[in-house]
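Per-entry structural report
As a plain string of letters, each chain reads:
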Amino acid sequence: MFADASRRAIFERLCREGELTVGGLTHGSGISQPAISKHLGVLKEGGLVEGRRAGRSTYYRALPARLASLDDWTGQMRTFWEARLDDLDDLLTRMDN
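Residues numbered from 1 in each chain as written. Predicted model: local features only at pLDDT ≥ 70, side-chain atom pairs only at ≥ 80, totals over all residues. Heavy atoms only, no water.

1. Considering the pattern of salt bridges
By the definition in use, this model includes three salt bridges. Across the pair glutamate 17 and arginine 13 runs a salt bridge whose closest N-O atoms are separated by 3.2 Å. Note that glutamate 17 and arginine 13 are positioned in helix H1 (residues 5–17) at a spacing of four residues, about one turn of the helix. Residue arginine 61 pairs with glutamate 50 through a salt bridge whose shortest N-O separation is 2.5 Å. Taken together, the positions of arginine 61 in strand E2 (residues 57–62) and glutamate 50 in strand E1 (residues 49–54) put the pair 11 residues apart, joining distant regions of the chain. Owing to a relative accessible area of 33%, glutamate 50 belongs among the partly exposed residues under this scheme. (Salt bridge = Lys/Arg side-chain N within 4 Å of Asp/Glu carboxyl O. Helix = DSSP H or I, 4+ residues; strand = E, 2+ residues; numbered from the N terminus. Buried < 20%, exposed > 50% of the residue type's maximum accessible area, 1.4 Å probe, protein only.)

Have a look at this one:
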C-alpha cells in the first residue's frame, strides 16, 4: 500500500494539511488528477483515508491512527533485533579475548 512514493506523499500531505479535495491534492503535486484519484482509492481500500461528500466535492482525510498496529509491531521488532545484536556483540567480544 505504501510502496509507492506518490501514495506516501498524498497520505503525508493529508496528515499535515487536513481535509483536501482531489483538486487540492493535485495542485502543486506534479501528479495528474486521475493518478491522485487512483492512489486515493488504494488508500481508502486500505482504510488509511476516508472521504466526506460536501455538495459536489469529496474531501479526503488521513486516518493515521490506523497505523498504530504497524507502529507497535515495528517497535517490537526493533526491541527484538537490538537484543539479538547486543548478544552477538557480546559473543564477538568474548571470542576476541
